[in-house]
Amino acid sequence: MAAAGKAVGSGALETCSLDQILEALKLLLSPGGSGSSSLQITKHDVLLATLKSNLSALEDKFLKDPQWKKLKLLRDEIARKAEWPQNSEDVTWNFTSQTLLLLLCLKETMLCLAADFNPGKPNPRTPEVAPALSPDALSVSQQKTVQSILQFVVTLGVCPYLLPGVGVPLRCRTEFGAVVQDVVCLDAAPAAPRRLYASCRVLLNVAQHASLGSLIFCRHFGDIAAGLCQLGFCPTKRQALTPAEEVLTEEERTLSTEALRDMLDQVYQPLAVRELLILQGGPPQSCTDAKTQVKCRAPAWLRRLCGQLLSERLLRPNGVQAVVRGILEGAGAGAAGGRDAEATAADWKKCDQIAKILASCPQQSLSPESYYRDICPQILDLFHFQDKLTARQFQRVATTTFLTMSRERPQLAAKYLLQPVLAPLHRCLNTAEIPESDMGPGTILVTEEELSRCIEDVFKVYVVGNEPLTVLLDSLLPVLGLLFLLYCFTKQSVSHIRSLCQEILLWILGKLERKKAIASLKGLAGLDKAVPSLHSLCQFRAATHGGIMITVKEAISDEDEDEALYQKVSSEQGQMEHLGDLLSHCQECGLAGDFFIFCLKELTHVATENEAELKTKPFSNKSLLELEQHQTLVEGQERKLLVLQLMAVLCESVSEQIFTNITQVVDFVAATLQRACASLAHQTESTVESQTLSMSMGLVAVMLGGAVQLKSSDFAVLKQLLPLLEKVSHTYPDPVIQELAVDLRITISTHGAFATEAVSMAAHSTLNKKDPEEKTEQQQQTSHESYTDVAQSHVKQQQSHEKSPQTGLPSSAPFIPKGVSEPSSAANQKPASITTEQLQEVLLSAYDPQIPTRAAALRTLSRWIEQREAKALEMQEKLLKIFLENLEHEDTFVYLSAIQGVAVLSDVYPERILPDLLAQYDGGKDKHTPETRMKVGEVLMRIVRALGDMVSKYREPLIHTFLRGVRDPDSAHRASSLANLGELCQRLDFLLGSVVHEVTACLIAVAKTDREVQVRRAAVHVVVLLLRGLSQKATEVLKDVLTDLYHLLKHVVCVEPDDVAKLHAQLALEELDEIMRNFLFPPQKLEKKIVVLP
């Protein structure tokens, strides 16, 4: 299509200057008048008159001004070669045609200037000098002119000719757009499709220049795309049209189609995605009459076309990123994150919508598998952005898409998403085959970057996504042992992936079914050799950037065998301890208790095995079968040691609250009873076994004795113990245990309806055996009331602990930092100790160019004045001069220290310092800068607060100064004066009576008439401070002006446009309401008066 609008060759005519073309464009943009003051003239007539006037002015300029001859010749040459109709009875199309011709002139001129530009070689001696600017560069004002012209072209030449539902209607944009919609005459020649075709053709021609193209596509890409869609894809009438009736030829429609695809390929892809989504439109909306028209739904052909074009954007390289950016940027997230990126990243609904789009296979794709093969690598790339703000959005979208694909097509997701993510871990499993080329000692199988990225991606998908899909759990189970070994290795040093590994392990252990979780823990503990683990030839090594890499082990020499054996044993011991640490985080879900019970049952199997089989013969004269049997016995012995070691670690690491329900307690007791019965069967009973049996039976007695409120379902669980208790009652040699077992069976069978004295004594004995300082059994056996009592007692102890130091110390003592309070108190107790040399040194430091030194000196002088140091007080005039000079400093730390110093000095000598400060504050801009006056105002506010009730002595000069400041031309100074006036008035109480009318009149005038919103806010805030400071005294002090203040506040609430001022007024009305309620309805006090008679 661009070829159809070939520009004039650079050698055809001599080009004119850019300024002349832009002046012509400005002439077309100049506002005009109707020439009449009649009220009957409508906006439509004004617009038509303005367009005609500007066109006439431009033609007069071409005919009468000889300097415009070159531009006229260039325009006429371009118009002669143009292929679109330029003249029409419609004024808007004549205006659009002339504008398009001038834009073409601008483009040709800029191309010629750029072609003739030959910058000289840069001077190597001055490399910092900027290169010469190209003559075709547009200034900021020139760009604004071109943007305004482009807006007119699109508004008059493109938008009015779009069909309903194609693009955003002009009526929905601006009021001017609604006027244009009614002004354009569609019945006049040329026809609307021909106008639209010409406008889009010329705009694309002009956009071939880089700078002009950026101006066009930046703001008007959507409208041009809508026009091209309509020109190239809008279905025509079914009846065949004659050449005379056909508006656009088939060739022109084909050119429009090609131009649309070329434009979509060239522009910023997220912009293309966003505009296509806007063109596609949302759900159907109702179309009302022309006056209240809203956007109609896009036609079906346009929705199908946009969907097809969007799918093509998605299937391009980096198409996923373009789609995500287009949707997020369209939602206000900005090109690189933007100010609303955090809110956008937190919008899960939007992420779900993007995930559904990405997970749906488009029709253009050959098959879902081919689509997943192309798209999944791009989705994984979304996890790896470096920019934090952008990464947060993209990672959330990637996680949601990952989960959506895994939910909808688990097999394809496992192949193209999960396998690439977990590939670094699968590469090092003992079930994998390592190539011979990678078998060299020290060869890096997995780099630090690969492993870190793998762990981070797994964390983002599994833990952050937090959706326990079957495909996710099944894919992670084979590498669970490797993840655990990696976690154990990170515990030996500092690594940023340690917490990630821990969170991943805890997540999958909590989401797995309980049987699978126990089986996984068996593999982590080494009890199940079938669980995949790290390859025997691989090892973890610390990397340079805090990560981990996996390498091939070095060959072990004979001398290092002992060291290697020691490292292996210590590593296994560490793994047991780290497994205990993991289980300590799994107590609430009950996994730790179930695994502990499993280990108890394994311990029972250990007790029942035949120890005699381990007494083997020497290795000499053994057959192969005997050697295999011996190996089996050794492995069994190793398993026993692992179980014992694991039990020891669990007993040390898990807390007393390992059991979370009755079922786990019953399983624990059952495992203990089974071990006791097995010991009796093998005649290996020991004192430990006897004590364990007594403890477990006592635990059952405690539960049945009322420590836990049992339900009928709990008794159903307890009935599992009946066969074991019966066996103990028949086989155990101790008659006391036998009797207790019988009584427990009776109590469980009767659901606690019958309980013998033996059960109560056993429960009492078990409770008395516990350590008085520990609450292990109590926490397991008490009800929720006991936890409440403990919590209440703990709170009372904390309260008593907090109250105790306040009895012997002042109330402010706990809030004074130790490093400040001790020197201050010491200085208050000691006499003046500074020397003249110290004072001179600090005075010199007050002029030091180093900001920290100067600020520290000012703080020191302020502290000496507070401490009433005699030598410092003798130099009050000099100190005041130093503080005032430092008020001019630009650094915040310095001038705030100076403000503090002046305030402290004024507190000591208010009668000397205050008049100078008031004069400086009252001075005009010619004497002091506004910043200095604001700083002096801050000093005066601190002085008023410090003086307290003594401020009444200086009432007259303060009020007069502040009232004069309210009339200052500087709005900031007026607001400052009002703030100081408010602080002063709320401390004067009854002394305000003589000036209350002046103050009230000032506040009313400012609140109603001042133009600056900050000043009006300050005036209303003074009323708030006045009512708040006077409180119940307001009815007496303000009795003459209270009505005026009330009317002022109501006026502000009803009329004031500023919300903050309204809020202040509402607060003041609430204060006034409270005051009047207390005045009219005073609270009743029940008190006795004792009068002593004379």
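Residues numbered from 1 in each chain as written. Predicted model: local features only at pLDDT ≥ 70, side-chain atom pairs only at ≥ 80, totals over all residues. Heavy atoms only, no water.

A. Spatial organisation of the overall build of the protein chain. Within the protein chain one finds 48 helices and 3 strands. Across the 1094 residues in the protein chain, those meeting the buried criterion constitute 45%. Taken as a whole, the protein chain presents about 58300 Å² of accessible surface, with 53% of it coming from carbon and sulfur. (Helix = DSSP H or I, 4+ residues; strand = E, 2+ residues; numbered from the N terminus. Buried < 20%, exposed > 50% of the residue type's maximum accessible area, 1.4 Å probe, protein only. Areas by Shrake-Rupley, 256 points an atom, 1.4 Å probe, with all protein chains shown as cover.)

B. Spotlight on a nonpolar patch on the surface. Taken together, the side chains of Val 742, Ile 746 and Phe 754 make up a nonpolar region of the molecular surface, amounting to roughly 230 Å² of accessible area. Here Val 742 shows up in helix H30 (residues 735-749). (Patch = residues over 30% accessible without salt bridge, like charges linked within 9 Å, V, L, I, M, F, W, Y side chains within 5 Å. Salt bridge = Lys/Arg side-chain N within 4 Å of Asp/Glu carboxyl O.)

C. Broad picture of the sheet that holds strand E3 (residues 548-552). Strand order across the open sheet formed by 3 strands is E1-E3-E2, with antiparallel pairing between neighbours. Of all the strands in the sheet, just strand E1 (444-446) and strand E2 (538-542) have a single pairing partner and so form its edges. Averaged over all adjacent pairs, the angle separating strand axes in this sheet is 45 degrees, with direction ignored. For E1 and E3, the ladder comprises 2 bridges, and the chain directions are antiparallel. The partner of Val 446 across the bridge, within E3, is Ile 550. Those strands touched by helix H20 (residues 480-490) are E2 and E3, and its axis lies near 35 degrees from that of E2. (Pairing = 2+ DSSP bridges. Axes fitted to C-alpha atoms, helices over the stretch in contact; angles between N-to-C directions. Contact = heavy atoms within 4.5 Å.)

D. The arrangement of the packing of helix H16 (residues 388-408) against helix H17 (residues 410-426) in detail. It is at 6 Å that the axes of H16 and H17 come closest, and there the two elements cross at 140 degrees. In terms of orientation, H16 lies oblique with respect to H17. In this structure, H16 meets H17 at a crossing whose hand is left-handed. Two secondary-structure elements touch here, H16 through Phe 402, Met 405, Ser 406, Arg 407 and Glu 408 and H17 through Pro 410, Ala 413, Leu 417, Leu 418 and Val 421. (Parallel < 35°, antiparallel > 145°, perpendicular 65-115°, else oblique. Left-handed = near helix turned anticlockwise from the far one by under 90°.)

E. Spotlight on the pairing of E3. Burial analysis of E3 places 5 of its 5 residues in the buried class, the great majority of the element. Residues Ile 548, Ile 550 and Val 552 point to one face of E3 and Met 549 and Thr 551 to the other, with burial holding for every one of them. Taking the residues that link successive antiparallel strands as the turn, the E2-E3 hairpin has 5 residues, and the phi of Gly 546 there is positive, at about 85 degrees.

F. View of the pattern of salt bridges. Inspection of the entire model under this criterion finds 24 salt bridges. In this structure, Asp 594 engages Arg 514 in a salt bridge whose closest nitrogen and oxygen atoms are separated by 2.4 Å. With Asp 594 in helix H24 (residues 591-608) and Arg 514 in helix H22 (residues 514-525), this pair connects stretches of sequence that are 80 residues apart. A salt bridge links Asp 1073 to Arg 1077; its shortest N-O distance comes to 2.9 Å. Taken together, the residues span about one helical turn, with Asp 1073 and Arg 1077 both in helix H48 (residues 1059-1080) at a distance of 4 residues. In this structure Asp 1073 comes out as partly exposed when scored by relative accessible area, which is 37%. Look at the salt bridges and you will find they share partners, linking Arg 261, Asp 265, Glu 312, Arg 313 and Arg 316 into a network.

G. Summary view of the layout of surface pockets. Quantified by volume, the largest pocket comes out at close to 1500 Å³. As for the largest pocket, its lining consists of 40 residues, and the residues nearest its centre are Leu 485, Lys 553, Lys 568, Ser 571 and Gln 575. With 12 residues, the single largest contributor to the lining of the largest pocket is helix H23 (residues 561-584). (1 Å grid on protein atoms, 1.4 Å probe; cavity = no way out; pocket = protein on both sides within 12 Å on 5 of 7 lines; lining within 4 Å. Points joined across faces, edges and corners; volume = space filled by probe spheres on them.)

H. Helix H15 (residues 368-381), seen in detail. Relative to the 20 Å expected for 14 residues at 1.5 Å per residue, H15 spans 20 Å between its end C-alpha atoms, a close match to the ideal helical length. A bend of about 30 degrees at Ile 375 is the largest found in H15, and the proline Pro 377 appears one to four places after it. All buried positions along H15 are accounted for by Ser 370, Tyr 371, Tyr 372, Ile 375, Cys 376, Gln 378, Ile 379 and Leu 380. (Expected span 1.5 Å × (residues − 1). Bend = angle between axes of the 7 residues up to and from the residue.)

I. Spotlight on the packing of aromatic side chains. One pass over the structure, following the stated rule, counts 9 aromatic pairs. Aromatic pair Tyr 462 and Trp 507: ring centres 5.6 Å apart, planes at 80 degrees, arrangement edge-to-face. Here Tyr 462 is found in helix H18 (residues 448-464), whereas its partner Trp 507 is found in helix H21 (residues 498-511), with 45 residues between them in sequence. Each member of the pair, Tyr 462 as well as Trp 507, is classed as buried. (Phe/Tyr/Trp six-rings, centres within 6.5 Å; stacked < 30°, edge-to-face > 60°.)

J. Highlighting helix H44 (residues 996-1009). Its 14 residues give H44 an end-to-end C-alpha distance of 20 Å, which sits within 8% of 20 Å, the value for a rise of 1.5 Å per residue. Turning to H44, its buried residues number three or more, namely Val 996, Val 999, Thr 1000, Cys 1002, Leu 1003, Val 1006 and Ala 1007. Seen from one end, H44 has its buried residues packed into an arc of 160 degrees, which puts them on one side. (Arc of directions from axis to C-beta.)

K. Molecular detail of the confidence of the model for the protein chain. Scored by pLDDT, the protein chain has a mean of 77; 81% of the residues are at 70 or more. Note that pLDDT drops below 50 for residues 239-245; the model gives that stretch 1 contact with residues more than four away or on any other chain. Here residues 285-294 is a poorly scored stretch, pLDDT under 50, and it has 10 contacts once near neighbours within four places are set aside; other chains count. (pLDDT = per-residue confidence, 0-100.)

L. Main features of the side chain of Asp 1058. Considering the arrangement of structural elements, one finds Asp 1058 in the loop between helix H47 (1042-1055) and H48. Judged by its relative accessible area of 13%, Asp 1058 is buried. At 2.7 Å, the side chain of Asp 1058 and the side chain of Arg 1017 are in polar contact. Separated by 2.9 Å, the side chain of Asp 1058 and the backbone nitrogen of Ala 1061 make a polar contact. (Polar contact = N/O pair within 3.5 Å; in protein donor to acceptor, adjacent residues only side chain to side chain.)

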